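Secondary and tertiary structure notes
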Amino acid sequence: MQSLQYREPPITIFFMADLANKYAENVLGKYYVDTQCIDCDLCRETAPSNFTRQDDGGYSFVYKQPETPEEEEKCREAKEGCPVEAIGDNGS
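To start, this report covers the structure provided alongside it.

About the criteria used
- Residues numbered from 1 in each chain as written.
- Predicted model: local features only at pLDDT ≥ 70, side-chain atom pairs only at ≥ 80, totals over all residues.
- Heavy atoms only, no water.
- Helix = DSSP H or I, 4+ residues; strand = E, 2+ residues; numbered from the N terminus.
- Expected span 1.5 Å × (residues − 1).
- Buried < 20%, exposed > 50% of the residue type's maximum accessible area, 1.4 Å probe, protein only.
- Arc of directions from axis to C-beta.
- Contact = heavy atoms within 4.5 Å.
- Core = buried A, V, L, I, M, F, W, Y, C linked by side-chain atoms within 4.5 Å.
- Salt bridge = Lys/Arg side-chain N within 4 Å of Asp/Glu carboxyl O.
- Pairing = 2+ DSSP bridges.
- Phe/Tyr/Trp six-rings, centres within 6.5 Å; stacked < 30°, edge-to-face > 60°.

1. Focus on helix α2 (residues 69–81)
With 13 residues, α2 extends 18 Å between its outermost C-alpha atoms, agreeing within 8% with the 18 Å of an ideal straight helix rising 1.5 Å per residue. Buried residues of α2: E71, E72, C75 and A78, and no others. The buried residues of α2 occupy an angular sector of 125° when the element is viewed end-on, so they sit on one face. Opposite the buried face of α2, at more than 90 degrees from it, the exposed residues are P69, E70 and E80. Elements that come into contact with the buried residues of α2 comprise β1 (31–33), α1 (42–46), β2 (51–54) and β4 (87–89).

Now the structure itself:
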């Protein structure tokens with residue numbers, strides 16, 4: 001008897017920060033962190049002037065929006081490097 005093997009096509013999952021799920025601690029502005037954050041520390045290492053940790057909950061949030069071109073570049077780098085895409089940019 002011959003058996004058939006069924007293989008599903010690969011599934012691609014897209015992660016994307018969701019403004020509706022952002023943490024309340026984020027200051028108003030362009031960048032924010034949402035509930036997908038896994039507390040990896042990448043954003044805090046990349047842009048320490050803008051991201052900090054909420055110790056009780058174990059996640060990052062934006063405590064200061066970028067004010068200089070250098071801070072803007074660091075925040076963009078943190079967003080692009082986030083492994084779960086928990087950093088959002090609302091485009092403003």
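2. Description of the nonpolar core
For soluble globular proteins, the rule of thumb is that nonpolar side chains tend to be buried together. Core analysis: the largest hydrophobic core is formed by 15 residues, its most contacted members being V33, C37, F51, A86 and I87. Breaking this core down by element, the ones donating at least two residues are β1, β3 (59–62) and α2. With near-sequence residues (within four places) excluded, A86 lies in contact with A17, Y32, V33, D34, Q36 and C37.

3. What to know about the pattern of salt bridges
Two side chains bearing opposite charge may form a pair once their charged atoms approach each other closely. Counted by the stated rule, this structure contains ten salt bridges. Residue E67 is joined to K64 by a salt bridge in which the shortest nitrogen-to-oxygen separation is 3.9 Å. Judged by its relative accessible area of 64%, E67 falls in the exposed class. The partner of E73 in a salt bridge is R76, and the shortest N-O contact between them spans 3.0 Å. Of the two residues, E73 and R76 both sit in helix α2, three residues apart, roughly one turn of that helix. The structure contains a network of salt bridges with shared partners spanning K30, E72, E73, R76 and D89.

4. As for the pairing of β2
Inspection of the sheet shows β2 paired to β3 by four bridges, in the antiparallel sense. Looking at β3, one finds that Q54 is bridged to Y59.

5. Regarding the packing of aromatic side chains
Inspection of the entire model under this criterion finds one aromatic pair. Between Y23 and Y59, the ring centres sit 3.4 Å apart and the planes meet at 5°, which makes this aromatic pair stacked. With Y23 in the segment before β1 and Y59 in strand β3, the pair connects residues that are 36 residues apart, well separated along the chain. Judged by relative accessible area, which is 9%, Y59 ranks as buried.

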